[in-house]
Amino acid sequence: MPPKKRSSGTPNSKKSSSPDTKQNSVISPEKHTEKDSDFVTLCKDLSVTNLVCERAWAIWMSVAKSAEKMNDSNRPLWGACLFISAVDMGDVSFTITELQKAVGLSVKQFCDLVRKMDENMDTISPKVNSTVMKLEKKYDVLLALYQRFVKTCNNIYSVPNEVKRQELLRSSWIMFLLAKGSALQMEDDLVISFQILLCVLEFCTKRCPSTLLQPLYKSAMSTTAQSPPTRTSRRNKAKPRPPEVDAQLLETLCKESDCSMDEVKHVYQSSFCAFLDSLGMSGSQELIAVETLSNKYEELYHKNKDFDARLFLVDDETLCPGKVEVAKVEMTPRKDQSGEEGVLIPPQTPIRAAMNSIQQLRGELTSASDQPSGNLIVYFKNCTVDPSEEITKRVEQLCPIFSQKFAEAVGQRCEGLGKKRFTLCVQLYYKVMESMLKSEEKRLSVQNFSKLLNNATFHTSLLACALEVVLATYVGGSLKNGGSESPETDLCFPWILNVFKLHAFDFYKVIESFIKAEPTLKHDMIEHLGRCEQQIMESIAWKADSPLFELLKQSREEGPVEQAEPPATLNQPLQHNHTAADLYLSPLRPSRRLPAAVAAVAAEVDTPALPPCQPPAPGTKQHRSNSLSLFYKKLYRMAYLRLKMLFSHLLTSHPELEPIIWTLLQHTLQNEYELMKDRHLDQLMMSAMYAICKVKNVDLRFKTIVTAYKELPNTNQETFKRVLIREGQYDSIIVFYNLVFMQKLKTNILQYSSPRPPPLSPIPHIPRSPYKYPSSPLRVPGGNVYISPLKSSRLTPAAMTPRSRFLVSIGESFGTSDKFQKINQMVSSTDWSLKRRLEGDTTPKPLKRLRFDVDGQDEADGSKSSGESTLIQKLAEMSSARSRMQEQKLKEEAEKEDPEP
């Protein structure tokens, strides 16, 4: 939780400098007589302000009905309301532990309670949710570290006196908490935190009498370290000496933990020594007094409004893990699944899993170099233009850029660690590049890769992909959040894209080839890269500045035959034989004048891309970009899988609706792709589902859709809470549906109510991918806001035709009147020009455009055209006939002319 500047370290000591300040900062019980007295007492105990108290009570009143279903007492719920209010207002006057003690909840129980309260779209804001996520992740990291700390200390110390043992544990743990807080800005970094813990253990162990140590650690220390300093030697010291690492002792600690000695030593010399300097302990040969350490931590704990991690030492109930967490760490060793009865695998605690992953990565790169190998140099020399100098220069230039950004994210003294991770990345980069070129040489029987190897975007993307693998490996598999990284989570994808200023669409092109070229990648890393590709397709590639839109524009300008992905090809298998060379050296190559359906298949087979492409002859037709074609094929398949999963939660009793919803979604992605700009795929998916249910008279509320969507794995509340409405303006998905999606697609949507609806898109063929996509995006709790039709003299329910009115999302029994009024004002605004912008027309249009009629025309008087049903039926018949003729023509042409392999 971000610290709030205060004049004192404890809430109860808050003082004000003036009566006005006091009135605004300290709760006045006499102002809250209408509230429950126990609630006011709780507010007073936590020293909250009058404003926080007022808003917390309003939140409590709004969730009171839901609270009754939770079977919890009011006090924990009041505490959660106060937390939500204080975080939202940026006025937190209490620590997490103080709140926990006041309401009797552990960290896990408290986080679960806040999420339970998130039953409508206005309960929990993204800011509160982000704070809860950080709190929970930090707790998970510290829990794992404390459990490992206790185990390691039991191996180090041989203390018959329990009081002395507890003193050693207490001193070491609090010193670690202080060192971690001093060195790391990103405090939930498991690996660096563990490395700091090993530094603390080395510092404390070598200052401990040898009689208190186990034989292994007694023999590990050097003679100098085992000899306690004499009074004379301490008296003769002119100035503090920098602490010297006992290499043998540190190596023993690292070996027992499968941790890199080189990295831990670097952390010791850079971050840990600076911490000791700040305490004035650099030259001391004695342990720091527990009271001194505890007092310093007390200040840090109150400043950061944190939970008190010292309480791990006394098994305090506020930090007590749940049964699942305990079982995860303390489970008995399991048998090797290979069938060998006698082999037992140690339990995979978070730290052990992280260390194993890092050791495996480093082991695979042992023989690799951070310079081009002999084979790579040969490939470079065979190029028409030798890329050697540019490649090495690029690596040298990107190293300091990455290291600096790494230090900014993790900790100011971690730049050296960033360089070490970049070195691993470069080794992997060259290794994968060589593997890719060998594969291309075998595939194409050529050795001149000049065009590819002189492509700067290809190299930057490949380097970024290698870095993503290294960074994800160091996160620690057991504590990854499954792709649901919030923007505040440092180092998580797409952080590396921002560091290298790389477009997501360009990065996507290298992912599949990277996976194929590095067979030693672990399964969880393949899944991680798959999640990165998923994030790109669902939203990141659709940022306003993405090159994807230029490719789509070019595709559209070439005519309807050259669409991004013809619907007729969706049920054809997706061949995973495109390489990075194909994708980076596309966009356009001469076509063989194949019809669209055949060209789409031809685009999937191996075609030489590496030799320089000759420019097409004047008048020669060109087919679409391979990168765009493959992107859309993958996008469609991912979109359909998500839709199918959401559909299975909501509409199993209406199986006939699935292909209709899919057809609308596919049509939107292909023909109205501008709706994806700065938005998320799932926003269109949920809107399409709601629209079809409306037009088919199936009772499915948007609130129900959002509730089911939140239950899918890895969903993100901002997907439905914060949707772009127009430039710089965001609102809920209901507002997006009413004011953007429905207005843009109203004619297409209403065609499905016709007796002769448009033809359905084929269901995509689901391939056996080299990696599996998760079935859904990112998770965070959320609630709902629903929109009523605008009730004014300019647009009344009566002014809408019966068939168009029921497509609007009608407000339900939640949300506030001021929320609806705000939306009404937005809609009524005379400068409302979203629709004009989407259509490229700057001419203002009257407000009546906000209601739509079945014939697509505006009726100022609200009357209904008598020829309405006849016209819509004719439109549907014409569309259906045109589609059938087009499909028949494609089929006939495909039979006449087979594509070349």
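What comes next concerns the included structure. Just so it is clear, the structure is predicted and the values come from calculations on it, not from any experiment. (Residues numbered from 1 in each chain as written. Predicted model: local features only at pLDDT ≥ 70, side-chain atom pairs only at ≥ 80, totals over all residues. Heavy atoms only, no water.)

Considering the overall build of the protein chain
Counting its regular elements, the protein chain contains 38 helices and six strands. Out of the 901 residues in the protein chain, the part that is buried amounts to 54%. If you take every contact in the protein chain between residues at least 6 apart in sequence, the share linking residues at least 24 apart comes to 79%. Counting every atom, the protein chain has about 39,400 Å² of accessible surface; 51% of that belongs to carbon and sulfur. (Helix = DSSP H or I, 4+ residues; strand = E, 2+ residues; numbered from the N terminus. Buried < 20%, exposed > 50% of the residue type's maximum accessible area, 1.4 Å probe, protein only. Contact = heavy atoms within 4.5 Å. Areas by Shrake-Rupley, 256 points an atom, 1.4 Å probe, with all protein chains shown as cover.)

Some words on the packing of helix H19 (residues 388-410) against helix H22 (residues 456-475)
At a closest axis distance of 11 Å, the pairing of H19 and H22 adopts a crossing angle of 40°. Looking at the two axes, H19 sits oblique to H22. The hand of the H19/H22 crossing is right-handed. For the pair H19 and H22, the contacting residues are Ile 391, Arg 394, Leu 398, Phe 402 and Phe 406 in the first and Ala 456, His 459, Thr 460, Leu 463, Leu 467 and Leu 471 in the second. Taken together, the residues that form the contact of H19 with H22 break down as eight nonpolar, two polar and one charged. (Axes fitted to C-alpha atoms, helices over the stretch in contact; angles between N-to-C directions. Parallel < 35°, antiparallel > 145°, perpendicular 65-115°, else oblique. Left-handed = near helix turned anticlockwise from the far one by under 90°. Nonpolar A, V, L, I, M, F, W, Y, C, P; charged D, E, K, R; others polar.)

Structural notes on the packing of aromatic side chains
Applying the stated criterion to the full structure yields 38 aromatic pairs. Ring geometry for Phe 149 versus Trp 173: centroids 5.3 Å apart, planes at 40°, classification tilted. Here Phe 149 is found in helix H7 (residues 126-156), whereas its partner Trp 173 is found in helix H8 (residues 162-183), with 24 residues between them in sequence. The pair formed by Phe 149 and Trp 173 is uniform in burial state, with each residue classed as buried. With centroids separated by 5.0 Å and ring planes inclined at 45°, the aromatic side chains of Tyr 429 and Tyr 430 adopt a geometry described as tilted. Of the residues examined, Tyr 429 reaches a relative accessible area of 1% and is grouped as buried. Take Tyr 430: its relative accessible area is 3%, and that puts it in the buried class. (Phe/Tyr/Trp six-rings, centres within 6.5 Å; stacked < 30°, edge-to-face > 60°.)

Looking at the environment of Met 638
As for its placement among the helices and strands, Met 638 is situated in helix H29 (residues 626-650). We classify Met 638 as buried; its relative accessible area is 1%. The spatial distance from the C-alpha of Met 638 to the C-alpha of Glu 538 is 8.7 Å, given a sequence separation of 100 residues.

Considering the packing of helix H9 (residues 190-205) against helix H14 (residues 261-279)
Contact pair H9 / H14: the axes reach a minimum separation of 9 Å and the direction vectors enclose 70°. Classified by the angle between their axes, H9 and H14 sit roughly perpendicular to one another. In this structure, H9 uses Gln 195, Ile 196, Leu 198, Cys 199, Val 200, Glu 202 and Phe 203 to contact H14, whose residues at the interface are Glu 263, Val 264, Val 267, Tyr 268, Phe 272 and Leu 276. Among the residues making up the contact of H9 with H14, the classes are represented as ten nonpolar, one polar and two charged.

Comments concerning the side chain of Ser 461
Its location among the elements puts Ser 461 in helix H22. The residues contacting Ser 461, other than those within four sequence positions of it, are Leu 502, Asp 506, Phe 507, Val 510 and Tyr 584.

Regarding the pairing of strand E5 (residues 723-726)
Bridging between E5 and strand E6 (residues 729-731) involves three bridges; their strand directions are antiparallel. In the strand pairing of E6, Leu 724 is matched with Tyr 730. Hairpin connection between E5 and E6: a loop of two residues separates the two successive antiparallel strands, and Gly 728 in this loop has a positive phi of roughly 75°. (Pairing = 2+ DSSP bridges.)

Quick look at the environment of Leu 462
Checked against the element boundaries, Leu 462 lands in helix H22. For Leu 462, a relative accessible area of 0% puts it in the buried group. When the C-alpha atoms of Leu 462 and Tyr 430 are compared, they prove to be 9.3 Å apart, with 32 residues separating the residues in sequence. Setting aside anything within four residues of it in sequence, one finds Leu 462 in contact with Tyr 429, Val 432, Met 433, Met 436, Val 510 and Phe 514.

As for the environment of Val 470
Following the sequence through the fold, Val 470 ends up in helix H22. Separated by 45 residues in the primary sequence, Val 470 and Cys 425 place their C-alpha atoms 6.3 Å from one another. Discounting residues that sit within four places of it in the chain, Val 470 has contacts with Leu 361, Arg 421, Leu 424 and Cys 425.

Focus on the state of the cysteines
Under the criterion given, the structure shown has zero disulfides. Cys 43 takes part in no disulfide bond, and the closest cysteine sulfur to it belongs to Cys 53, at a distance of 3.7 Å. Overall, Cys 43 belongs to the buried group, its relative accessible area being 0%. Looking at Cys 532, it has no disulfide partner, and the nearest cysteine sulfur is the one in Cys 465, 7.7 Å off. Cys 532 gets classed as buried once you look at its relative accessible area, which sits at 1%. (Disulfide = S-S within 2.5 Å.)

Some words on the side chain of Ser 687
Locating Ser 687 in the fold gives a position in helix H31 (residues 681-695). Ignoring any residue separated from it by four or fewer positions in sequence, one finds Ser 687 in contact with Phe 702, Ile 733, Phe 736, Tyr 737 and Phe 741.

Side note on the nonpolar core
Grouped together as the largest cluster of nonpolar side chains are 246 residues, with contacts concentrated most on Phe 500, Phe 514, Phe 631 and Phe 741. Looking at this core element by element, the count peaks at 13 residues for H29. When neighbours within four sequence positions are excluded, Phe 514 is seen to be in contact with Leu 428, Val 432, Met 436, Leu 462, Cys 465, Ala 466, Val 469, Leu 521 and Leu 529. (Core = buried A, V, L, I, M, F, W, Y, C linked by side-chain atoms within 4.5 Å.)

Focus on the pattern of salt bridges
Taken as a whole and assessed by the stated rule, the structure comprises 27 salt bridges. Arg 115 is the salt-bridge partner of Glu 136, the closest N and O atoms lying 2.8 Å from each other. Of the two residues, Glu 136 is situated in helix H7 and Arg 115 in helix H6 (residues 107-116); the sequence distance between them amounts to 21 residues. When its relative accessible area of 14% is taken as the criterion, Glu 136 is described as buried. A salt bridge links Glu 672 to Lys 744; the nearest nitrogen and oxygen atoms lie 4.0 Å apart. (Salt bridge = Lys/Arg side-chain N within 4 Å of Asp/Glu carboxyl O.)

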